[in-house]
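Below are the chains, spelled out letter by letter.
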Amino acid sequence: NCYALQLCRNMFFTYILKSLKDAKLYIGSTSNLRQRLKKHNSGLVVSTKSRRPLKYVYFEGYASEEDARHREHNLKLRAKALRQLLIRIKNSIAS
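The text that follows walks through the structure, step by step, so that each part is easy to find. Just so it is clear, the model here is predicted, and its values are computed rather than measured.

This brings us to the nonpolar core. Grouped together as the largest cluster of nonpolar side chains are seven residues: Met11, Phe13, Tyr15, Leu17, Tyr26, Leu33 and Leu54. The dominant element in this core, judged by the number of residues it contributes, is strand β1 (residues 12-19), at three residues. In this structure, Tyr26 is in contact with Tyr15, Ile16, Leu17, Arg36, His40, Ser47, Thr48 and Arg51, ignoring residues within four places of it in sequence.

Have a look at this one:
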């Protein structure tokens, strides 16, 4: 969560959603986490429409859209980075 609403408005995010239907993960990026989750859960995002409902399991904030999209791209293409992040998330949730 952002502590200052103004700070959130100037940030971009890379996020991971988990489907509550099939437990699969989806990686994306956005400038508005609330609005993006609403779009996913209302069926407006084709790639997750059949996997609703979804919830955030992780997100990272960035100062630029380019950085957020670069991180999204790396997580999608680089299995090792994604595996390491998933281990961190799993350990965090289990604590």
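In space, the three strands of this open sheet follow the order β2-β1-β3, with antiparallel pairing throughout. Looking at which strands have only one partner, the edges of the open sheet turn out to be β2 (25-30) and β3 (54-62). Shown here is a sheet whose adjacent strand axes are inclined to one another by a mean of 20°, direction ignored. Helix-sheet contacts for helix α4 (residues 79-94) involve β1, β2 and β3, and the interaxial angle to β3 is about 115°.

How two aromatic rings sit relative to each other is given by the distance of their centres and the angle of their planes. Under the criterion given, the structure shown has three aromatic pairs. Relative to Phe59, the ring of Phe13 lies with its centre 5.8 Å away and its plane at 80°, an arrangement referred to as edge-to-face. Placement of Phe13 in strand β1 and of Phe59 in strand β3 is noted, with a sequence separation of 46 residues between them. Judged by its relative accessible area of 3%, Phe13 is buried. Ring geometry for Tyr15 versus Tyr26: centroids 6.3 Å apart, planes at 40°, classification tilted. Placement of the pair is Tyr15 in strand β1 and Tyr26 in strand β2, with a sequence separation of 11 residues. Note on accessibility: Tyr15 and Tyr26 belong to one class, buried.

The rules behind the values
- Residues numbered from 1 in each chain as written.
- Predicted model: local features only at pLDDT ≥ 70, side-chain atom pairs only at ≥ 80, totals over all residues.
- Heavy atoms only, no water.
- Core = buried A, V, L, I, M, F, W, Y, C linked by side-chain atoms within 4.5 Å.
- Buried < 20%, exposed > 50% of the residue type's maximum accessible area, 1.4 Å probe, protein only.
- Helix = DSSP H or I, 4+ residues; strand = E, 2+ residues; numbered from the N terminus.
- Contact = heavy atoms within 4.5 Å.
- Pairing = 2+ DSSP bridges.
- Axes fitted to C-alpha atoms, helices over the stretch in contact; angles between N-to-C directions.
- Phe/Tyr/Trp six-rings, centres within 6.5 Å; stacked < 30°, edge-to-face > 60°.

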